[in-house]
Amino acid sequence: MPSALINVPARARRGDVIEIKTLMSHIMETGYRHTASGEVVPRDIITSFICRYNGTEIFRADLYPAIAANPFITFFTTATESGRFEFEWIGDKGFSETASASITVE
């Protein structure tokens, strides 16, 4: 079962640049491997990641078969107001996972 690890500072000063880290537990299958009988193992990857800060998209990444299992994504943003970060991962075979974290901006 997939699970997300999120690291967002609990507090920041207005205007601070903060680092956000995410790790999604997901077995990535490129679609290039074959079974012992020669059948192709179907592709099963996370294809996109989106982060929203108080409902506004602030980061997006498109992922491809070369990305490792359990993709780790880190990025920076500016703390402008207290609120909520919402994270969304979308993938093959109907995969969809969400997580969220709050921040207090002083």
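Scroll up a little and you will see the structure.
What comes next concerns the included structure.

A closer look at the sheet that holds strand β4 (residues 46–53)
- Overall, mixed pairing links the five strands, which are arranged β2-β8-β7-β4-β5 in an open sheet. Every other strand in the sheet has two partners, leaving β2 (11–12) and β5 (56–62) as the edge strands with one partner each.
- Relative to β5, β4 is paired through six bridges, and the arrangement is antiparallel. Note on β5: the bridge partner recorded for Ile50 is Arg60.

Concerning the side chain of Asp44
- Following the sequence through the fold, Asp44 ends up in the loop between β3 (17–25) and β4.
- Here Asp44 is buried and forms no salt bridge, its nearest opposite-charge partner Lys93 lying at an N-O distance of 4.3 Å.
- The contact partners of Asp44, leaving out residues within four places of it in the chain, are His26, Ile27, Met28, Glu29, Asp92 and Lys93.

Here's the deal with the nonpolar core
- In terms of nonpolar packing, the biggest core is built from 23 residues, with Phe85, Phe87 and Ile103 touching the most fellow members.
- Every element with two or more residues in this core is listed here: β3, β4, β6 (72–78), β7 (83–91) and β8 (96–105).
- Top element by residues in this core is β4. It accounts for four residues.

Details of the pattern of salt bridges
- Per the stated rule, a full pass over the model turns up five salt bridges.
- Arg11 is paired through a salt bridge with Glu106; the nearest N and O atoms lie 2.8 Å apart. Linking Arg11 in strand β2 with Glu106 in the segment after β8, this pair joins segments that are 95 residues apart in sequence.
- The exposure class of Arg11 is exposed, given its relative accessible area of 54%.
- Using a relative accessible area of 52% as the deciding quantity, one classes Glu106 as exposed.

Rules of the game
- Residues numbered from 1 in each chain as written.
- Predicted model: local features only at pLDDT ≥ 70, side-chain atom pairs only at ≥ 80, totals over all residues.
- Heavy atoms only, no water.
- Pairing = 2+ DSSP bridges.
- Helix = DSSP H or I, 4+ residues; strand = E, 2+ residues; numbered from the N terminus.
- Buried < 20%, exposed > 50% of the residue type's maximum accessible area, 1.4 Å probe, protein only.
- Lys, Arg positive; Asp, Glu negative; His and termini not counted.
- Salt bridge = Lys/Arg side-chain N within 4 Å of Asp/Glu carboxyl O.
- Contact = heavy atoms within 4.5 Å.
- Core = buried A, V, L, I, M, F, W, Y, C linked by side-chain atoms within 4.5 Å.

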